[in-house]
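Structure assessment
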Amino acid sequence: MSTHPTIAHLLGEWLEEPSMANVMTSARQIEAVPANFASIPSNLDPRLLRALDAANIKQLYSHQREAIDAAVRGENTVLVTPTASGKSLCFNVPVLNDLMANPDGRALFLYPTKALTQDQYNSVHNMIERAEADIRTFTFDGDTPADARMAVREVGQIVLTNPDMLHAGILPHHTKWLKLLRNLRWVIVDELHAYKGVFGSHLANVIRRLKRICAFHGSNPTFIGASATIANPKELASRLLEVPVTLVERSGAPRAERHMVFANPPIVNRQLGIRGSYLHLTRRIVAKLLRKKLPTIVFVTSRVNVEILVKYLREDQIKRNQDPDAIQGYRG
């Protein structure tokens, strides 16, 4: 049963409540968008087709097909579509299809955080298992045991890591990473929008070094970047990677109807322009959602604030004789 009427009713209640209406600066309803589908390329490796079928993927979104086709043509590609639109499939499919045909080939996946690296490792590893393919995949970060690092260097066909480890753990020791760098066919740079400012400048220089070392060892990898929606994805990707890129930005993923509410904490000192804590306002809003039994995810600005908000909300649950363990914090 749809929860949209419940949400709409809840918004109406808030607008009638002065303490809530005063902090709600805007409320909008965004209409649903249907999916735009495309067929799965028939020339993929049969094992990969079976893996997609086993995952109940019978067709692709249009942006997935567009990105896969561009990558298979050898074009450096940047993909910019909303969260949960299936971006991982856009680079997992062409990479796995290529490595199945070229067992000596290698791929490097770059992520800004170790938590995201681990999530994406599970995603690509599950697809490899469903395909029953022998593509050895490893994460390489500060937690990788010393005795496992040699195995990653020698047999890793897909290596998932982060820019810091590429900078400090791979490139300075490129003679130990010959099998990876000499046969590197793909470089995936996920969360491209994170690489801005000084951080982005550092990554651009690391990528420049990677390309120079690859050329020294005789490889010329294809780059695929993936980003959340930003205003200038092609410009950002071109400057970071220093290669021409094909932009895929028209999402074919469906989008459910959404209600967006903007709230601003009340002013507590008008002379100084000081507003109340956004955590206290969030606590009030989430408490109302929990009373309506609406599943809720809250994002905050730091791990400390995660712990504070979890503490507040569990206290509220106890006061209402509800299970405090229904509130869980994730600090990924």
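For the structure, check the block above.
Bear in mind that the values here come from a model prediction, so they are computed numbers and not experimental data.

1. Focus on the pairing of strand β9 (residues 222-227)
Of all the 6 residues making up β9, 6 are buried; the element is thus mostly covered by neighbouring parts of the structure. Burial along β9 is two-sided: Thr222, Ile224 and Ala226 and Phe223, Gly225 and Ser227, pointing in opposite directions, are all buried. Relative to β9, strand β4 (residues 77-80) runs parallel, the two sharing 4 bridges. Looking at the pairing, valine 80 lines up with serine 227 of β9. In this structure, strand β8 (residues 184-189) lies alongside β9, joined through 4 bridges in parallel fashion. Bridge pairing links valine 189 to glycine 225 in β9. In the classification by handedness, the crossover that spans β8, the intervening helix α10 (residues 197-217) and the parallel β9 is right-handed.

2. Here's the deal with the sheet that holds strand β5 (residues 106-110)
An order of β6-β7-β5-β8-β9-β4-β10 is seen for the 7 strands of this open sheet, with the pairing classed as parallel. Strands at the two margins of the open sheet, each flanked by one partner only, are β6 (137-139) and β10 (246-248). Averaged over all adjacent pairs, the angle separating strand axes in this sheet is 15°, with direction ignored. As judged from the 5 bridges shared by β5 and β8, these two strands associate in the parallel manner.

3. What to know about the packing of helix α4 (residues 62-72) against helix α5 (residues 87-101)
Running from amino to carboxyl end, α4 crosses α5 at an angle of 35°, the nearest separation of the two axes being 9 Å. The way α4 lies across α5 gives a crossing that is right-handed. Two secondary-structure elements touch here, α4 through His63, Gln64, Ala67, Ile68, Ala71 and Val72 and α5 through Leu89, Cys90, Val93 and Pro94. Here the residues of the contact of α4 with α5 sort into 8 nonpolar, 2 polar and no charged.

4. Description of the packing of helix α3 (residues 46-54) against helix α6 (residues 114-131)
Two elements in contact, α3 and α6, have axes separated by 7 Å at closest approach and are oriented at 115°. The orientation of α3 with respect to α6, classified from their angle, is roughly perpendicular. For the element pair α3 and α6, the recorded crossing hand is right-handed. Contacts between α3 and α6 pair Arg47, Leu48, Ala51, Leu52 and Ala54 from the former with Met127, Arg130 and Ala131 from the latter. For the contact of α3 with α6, the residue count by class is 6 nonpolar, no polar and 2 charged.

Criteria and cut-off values
- Residues numbered from 1 in each chain as written.
- Predicted model: local features only at pLDDT ≥ 70, side-chain atom pairs only at ≥ 80, totals over all residues.
- Heavy atoms only, no water.
- Buried < 20%, exposed > 50% of the residue type's maximum accessible area, 1.4 Å probe, protein only.
- Helix = DSSP H or I, 4+ residues; strand = E, 2+ residues; numbered from the N terminus.
- Pairing = 2+ DSSP bridges.
- Right-handed = clockwise from strand over helix to strand, strands pointing away.
- Axes fitted to C-alpha atoms, helices over the stretch in contact; angles between N-to-C directions.
- Left-handed = near helix turned anticlockwise from the far one by under 90°.
- Contact = heavy atoms within 4.5 Å.
- Nonpolar A, V, L, I, M, F, W, Y, C, P; charged D, E, K, R; others polar.
- Parallel < 35°, antiparallel > 145°, perpendicular 65-115°, else oblique.

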